[in-house]
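Per-entry structural report
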Amino acid sequence: MAMKKKKKKGDAPKLELTPMIDVVFQLLIFFVVTLTEEDINAHLDVFRPAPEQTRPPDEKVEDLVTILVYNQRTLGGEGYSLEGRKVRLAELDRTLSRLASVSTSVSIVIKCTNDSPHQNLVKVLDICAKSGLKNLSVFSM
Amino acid sequence: MKRKRKKGDDAELDMTPMIDVVFQLMIFFVVTMKMEQNENKEIVLEHSPHGPKLEDKGVGAMVIEVDRRGWISVHGAQVDKNRLRELLRDSYQRYGTFPIYIRGDKNTKHEDIRGVMDICASEGIAAISFIAIKKEKRKR
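Thresholds, definitions, all that
Residues numbered from 1 in each chain as written. Chains lettered and ligands numbered in written order. Predicted model: local features only at pLDDT ≥ 70, side-chain atom pairs only at ≥ 80, totals over all residues. Helix = DSSP H or I, 4+ residues; strand = E, 2+ residues; numbered from the N terminus. Buried ≥ 20, exposed ≤ 12 C-beta atoms within 10 Å, placed from the backbone. Contact = placed C-beta atoms within 7 Å. pLDDT = per-residue confidence, 0-100. Nonpolar A, V, L, I, M, F, W, Y, C, P; charged D, E, K, R; others polar. Pairing = 2+ DSSP bridges. Right-handed = clockwise from strand over helix to strand, strands pointing away. Axes fitted to C-alpha atoms, helices over the stretch in contact; angles between N-to-C directions. Left-handed = near helix turned anticlockwise from the far one by under 90°.

Attention shifts here to the overall build of chain A. In terms of regular secondary structure, chain A is built from 5 helices and 6 strands. The order of helices and strands in chain A, counted from the N terminus, is α-α-β-β-α-β-β-α-β-α-β. Burial statistics for chain A: of 141 residues in total, 24% are counted as buried. Of all intrachain contacts in chain A linking residues separated by at least 6 positions in sequence, the fraction that spans at least 24 positions is 76%.

Turning our eyes to something else, we now look at the confidence of the model for chain B. Averaged over chain B, the pLDDT score is 81; the fraction of residues at 70 or greater is 86%. Predicted complex metrics record ipTM = 0.73 and pTM = 0.73.

Our focus in this paragraph is the interface of chain A and chain B. Contacts between chain A and chain B engage 41 residues on the former and 46 residues on the latter. Contributions of two or more residues to the side of chain A that touches chain B are made by α2 (18-34), β1 (40-47), α5 (118-131) and β6 (136-140) of chain A. Here the element with the most residues in the side of chain A that touches chain B is α5 of chain A; it accounts for 9 residues. Among the residues forming the side of chain A that touches chain B, the class breakdown is 24 nonpolar, 8 polar and 9 charged. Here β1 of chain A runs beside strand β5 (residues 127-135) of chain B; their pairing, made up of 8 bridges, is antiparallel. Within the sheet, the bridge partner assigned to D45 of chain A lies in β5 of chain B and is S129 of chain B.

Residue and element names in this part refer to chain A. Bridge count between strand β2 (residues 64-69) and strand β5 (residues 107-112): 6 bridges; the pairing is parallel. Each bridged residue has a counterpart across the sheet, and for V69 the counterpart in β5 is C112. In the sheet, β2 pairs with strand β3 (residues 80-82) via 3 bridges, with the strands oriented antiparallel. The partner of I67 across the bridge, within β3, is L82.

Turning to the environment of V31 of chain B, a few remarks are in order. Residues and elements named next belong to chain B. By the secondary structure assignment, V31 is in helix α2 (residues 16-34). Residue V31 is classed as exposed on the basis of its 9 C-beta neighbours within 10 Å. For the pair V31 and V66, spaced 35 residues apart in the sequence, the C-alpha separation amounts to 29 Å.

Attention now goes to the pairing of strand β4 (residues 100-104) of chain B. Within a regular strand, the side chains alternate between the two sheet faces. Residue and element names in this part refer to chain B. Most of β4 is tucked away: 4 of the 5 residues are buried. Two elements, strand β1 (residues 62-66) and β4, share 5 bridges in a ladder whose sense is parallel. By the bridge assignment for β4, V66 is matched with G104. When β4 meets β5, the two strands line up parallel, connected through 3 bridges. Within the sheet, the bridge partner assigned to I102 lies in β5 and is F130. Running through helix α4 (residues 110-122), the crossover from β4 to the neighbouring parallel element β5 is right-handed.

Right, let's talk about the packing of helix α4 (residues 89-102) of chain A against α5 of chain A for a bit. All names here are of chain A. Relative to each other, α4 and α5 sit at 35°, their axes nearing to 9 Å. For the element pair α4 and α5, the recorded crossing hand is right-handed. Seen from α4, the contacting residues are L89, L92, D93, L96, S97 and A100; seen from α5, they are K123, I127, C128 and S131. Residues that form the contact of α4 with α5 fall into these classes: 6 nonpolar, 2 polar and 2 charged.

Given below as structure tokens:
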């Protein structure tokens, strides 16, 4: 009914752009508002030996640095120890960057206790990445 | 300005270029929206400002998510350890070795991460990457 009336009325069948523009603007505003910017992620690559050989090498291999990651709530300190000595993260950073200035192919063995939070491990890996150390193995104990 | 006025008889606004631009913008936003992956938003990642930037995950990459309770999920679906082992074994048999990424919450106990790593290692994949935040988005 309405259509018929309109057809009779209008002489030039011109395309009405206004509603389309309205809708498109609405959609555009919706997408602008809902667009969430993503975080930029980093990847920290490690080597994880199979469980059968989970035991870290006992014999003193040359160029091997052992970092222990533990839970700071139970054992105190900041949660890291280097070659059996509790260290702060900044200290670990200094030591590792000095080490890396000699050679970046040093094997780093990172041992984690079961109750240590994952963030401690990631912090150590970040420091290793900062120094450019690539040869990282993660063991659990 | 003067010339234009002289030329044009009826001063009608030409809509076509505006519509073009708006459509371009729309398409841009639609496409960038699609990029958003189904990842667990509950997981709070630790920061790693010095780590290498994660750009392309590589062919056949698998992201294993471990939340702070130690629950494991792959592609947005929660799995238990046996299922994870099956998944890894299937993919390994089909495609050979593939990159594995672990998205672990910063408060996850290492025990839970270890469980995942042990499964990966025993299925033959020793190279594992952890995902951390390199640069956080600005808060709206």
